[in-house]
Amino acid sequence: RRVEKNEVRAVINTGQIIAEYPNDNPFPSCLMLATVRGRPLHVVVAVANKNRRCHIVTIYVPDPAKWSDDFKTRRRPWNV
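A brief structural summary. Within each chain, residue numbers correspond to sequence positions counted from 1 in written order. In keeping with the predicted nature of the model, local features appear solely for residues at pLDDT of at least 70, side-chain atom pairs appear and are counted solely at 80 or more, and the whole-chain, interface and lining totals rest on all residues. Note that water and hydrogens are dropped before the side-chain values are worked out from all heavy atoms of the structure.

This paragraph deals with helix H1 (residues 5-14). Throughout this description, buried means an accessible area under 20% of the type-specific maximum (1.4 Å probe, protein chains only), exposed means over 50%, and partly exposed covers the range between. Every helix listed is a DSSP run of H or I at least four residues long, and every strand listed is a run of E at least two residues long, numbered separately from the N terminus. Along H1, the positions that sit buried rather than exposed are Glu7, Val8 and Val11. All buried residues of H1 project into a common sector of 100° when viewed along the axis, lining one side. Every exposed residue of H1 that faces more than 90 degrees away from the buried side is listed here: Lys5, Asn13 and Thr14. The criterion used for residue contact is that any of the two residues' heavy atoms lie within 4.5 Å. On its buried side, H1 packs onto strand E2 (29-36), strand E3 (39-47) and strand E4 (54-60). As used here, the arc is the angular range of directions from the helix axis to the C-beta atoms.

So, in structure tokens, the structure goes:
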């Protein structure tokens, strides 16, 4: 996906949580968004409750056809 480690760190350090998944297993997770080097990035992060260690679940550049113009809301199929 051509996303560098420092870009992932930037999302985690400066990004905005746009969705929370408190019932995810084995740890609660959230979807974060930040613009890094001029492109939007989504990172799903799970946080272990005991040691507060972050686990990266997935990283991707959101598809403009599937996300709103600000990349915070998924488009409904009939709104594309």
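Another point: the side chain of Ser29. On the secondary structure map, Ser29 appears in strand E2. The class of Ser29 is buried, set by a relative accessible area of 7%. Counting of polar contacts relies on pairs of N or O atoms within 3.5 Å, with two restrictions inside protein: one atom must be capable of donating a hydrogen and the other of accepting it, and residues adjacent in sequence are counted only when both atoms are side-chain atoms. A polar side-chain atom of Ser29 sits 2.4 Å from a polar atom in the side chain of Asp24. When sequence neighbours within four positions are dropped, the list of residues in contact with Ser29 reads Glu20, Tyr21, Pro22, Asp24, Val44, Val45 and Ala46.

On to the sheet that holds E4. Pairing within the open sheet is antiparallel, and its four strands lie in the order E1-E2-E3-E4. Across the chains shown, the open sheet's two edge strands, defined by having one partner strand only, are strand E1 (16-21) and E4. Averaged over all adjacent pairs, the angle separating strand axes in this sheet is 25°, with direction ignored. Pairing analysis gives six bridges linking E3 to E4, with the strands arranged antiparallel. Note that in E4 the partner of Val43 across the bridge is Ile59. Axis angles are defined between N-to-C directions and span 0 to 180 degrees, where every axis is a line fitted to C-alpha atoms and, for a helix, only to the segment in contact. Packed on one face of the sheet, H1 meets E1, E2, E3 and E4 and runs near 110° to E2. A strand pair is defined by DSSP finding two or more bridges across the two strands.

Moving on to the environment of Pro40. Summarising the element assignment, Pro40 is placed in strand E3. Non-local contacts of Pro40, meaning those with residues more than four positions away in its chain, are made with Leu33, Ala34, Thr35, Val61, Pro62 and Phe71.

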